[in-house]
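Here's the letter readout for the chains.
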Amino acid sequence: MNQKEKALAFAALHKKGDPVVLYNIWDAGSAKAVAEAGARALATGSWSIAAAHGFGDGEKVPLALLTDIARLIVGSTELPVTVDFEGAYSDDPATGAANVSRLIDAGAIGINFEDQVVGKSGVHAIEKQAARIRAIREMADRRGVPFFINARTDLFLQASDAAEHAGLVDEAIARGRAFAEAGANGFFVPWLVDADLIAKVCAASSLPVNVMMRPGAPDLKTLAGAGVARVSYGPFPYRAMMEKLKQDAQAVYQA
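This section reports on the structure supplied with the text. (Residues numbered from 1 in each chain as written. Predicted model: local features only at pLDDT ≥ 70, side-chain atom pairs only at ≥ 80, totals over all residues. Heavy atoms only, no water.)

Here we look at the pattern of salt bridges
- Within the structure shown, the criterion is met by nine salt bridges.
- Ionic pairing is found between Glu-114 and Arg-152, a salt bridge with its closest N-O pair at 3.5 Å. With Glu-114 in strand 4 (residues 110–114) and Arg-152 in strand 5 (residues 148–152), this residue pair connects regions lying 38 residues apart in the sequence. Per residue, the accessibility class of Glu-114 equals that of Arg-152, and both read buried.
- A salt bridge links Arg-175 to Asp-115; the shortest N-O distance between them is 3.1 Å. Pair noted here: Arg-175 is in helix 8 (residues 169–182) and Asp-115 is in the loop between strand 4 and helix 6 (126–143), with a separation of 60 residues, a long-range link. (Salt bridge = Lys/Arg side-chain N within 4 Å of Asp/Glu carboxyl O. Helix = DSSP H or I, 4+ residues; strand = E, 2+ residues; numbered from the N terminus. Buried < 20%, exposed > 50% of the residue type's maximum accessible area, 1.4 Å probe, protein only.)

Set out below in structure tokens:
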């Protein structure tokens, strides 16, 4: 498949109640392993890529290096590849869109794009985030790529107490609607784990909803029943792999 065909195939995998499962990767090696395990598409995790290359999370990986990593991953597989691109390395809509264009050059067919203010606290105003999404959408459309923009809200991630999540759902739904109008293709609500709240978001969203599988999250069957269309694993595959590596190394050195 060419890039356009991969993008269309990736979008088609998002089915409400029958979610596409993305076991997040961080380099070409992990991409090959997950592809061989039966994945239908591949998604990077920003935290994992940063940790694997000696950086902290939060756009600390140089943009040129991230672009090279994306290109290597795309070149290692025939599957569609979407990249966790955090805040597109700029608050400015035009600059962010230009940065995303570099990922299109690398062969990526989509991104995660978050509304938190990277490196600071809080989230961007709805209107500003919608403008940033719109700029990316317009750039991709000009290039003729049906690029999948997975618009992420960090409202729940930034609320450390899960008891606060119910009070954030209405704002999250409003953000999802604005992001859809701006041209987003998916709506990502990481850290939300209450099945009833997830179902409420799914019912109100015109976009396929993405949930992160993390400790405390419902199982896949429950998420499917709630109407989720995409499940991803964030940094947890990398953390599990590094813990296994550490244990194996300890068995060698402490024998």
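Some words on the sheet that holds strand 7 (residues 209–212)
- The strand order 1-8-7-6-5-4-3-2 describes an open sheet built from eight strands, whose pairing is parallel. With one partner strand each, in any of the chains shown, strand 1 (20–22) and strand 2 (42–43) form the two edges of the open sheet.
- Of the pairings in the sheet, the one linking strand 4 to strand 5 comprises five bridges and is parallel in character. What sits directly across from Asn-112, in strand 5, is Asn-150. (Pairing = 2+ DSSP bridges.)

Topic: the pairing of strand 3 (residues 81–84)
- Residues Val-81 and Val-83 of strand 3 are buried on one face, and the alternating residues Thr-82 and Asp-84, pointing to the opposite face, are buried as well.
- Bridge analysis of strand 2 against strand 3 gives two bridges, and the strand direction is parallel. Bridged to Leu-42 within strand 3 is Val-81.
- Across three bridges, strand 3 lies against strand 4 in parallel orientation. Residue pairing for strand 4: Asp-84 is matched across the bridge by Asn-112.
- Following the chain from strand 3 across helix 5 (residues 93–105) to the adjacent parallel strand 4, one finds a crossover that is right-handed. (Right-handed = clockwise from strand over helix to strand, strands pointing away.)

What about the packing of helix 6 against helix 8?
- Put simply, helix 6 and helix 8 touch, their axes get as near as 8 Å, and they point 30° apart. Taken together, the axes of helix 6 and helix 8 are roughly parallel relative to one another. Pair helix 6 / helix 8 crosses with right-handed handedness. Every residue of helix 8 that contacts helix 6 at Ile-126, Gln-129, Ala-130, Ile-133, Arg-134 and Arg-137 is listed here: Ala-174, Arg-175, Ala-178, Phe-179 and Ala-182.
- Among the residues forming the contact of helix 6 with helix 8, the class breakdown is seven nonpolar, one polar and three charged. (Axes fitted to C-alpha atoms, helices over the stretch in contact; angles between N-to-C directions. Parallel < 35°, antiparallel > 145°, perpendicular 65-115°, else oblique. Left-handed = near helix turned anticlockwise from the far one by under 90°. Contact = heavy atoms within 4.5 Å. Nonpolar A, V, L, I, M, F, W, Y, C, P; charged D, E, K, R; others polar.)

Some points on the packing of helix 4 (residues 63–75) against helix 5
- Remark: helix 4 packs on helix 5, axes separated minimally by 8 Å, with the N-to-C direction vectors making an angle of 30°. As summarised for this structure, helix 4 and helix 5 are arranged roughly parallel, according to the angle between their axes. Note that helix 4 runs across helix 5; the crossing there is right-handed. Residue-level contacts link Leu-63, Ala-64, Thr-67 and Ala-70 of helix 4 to Asn-99, Arg-102 and Leu-103 of helix 5.
- By residue class, the composition of the contact of helix 4 with helix 5 is four nonpolar, two polar and one charged.

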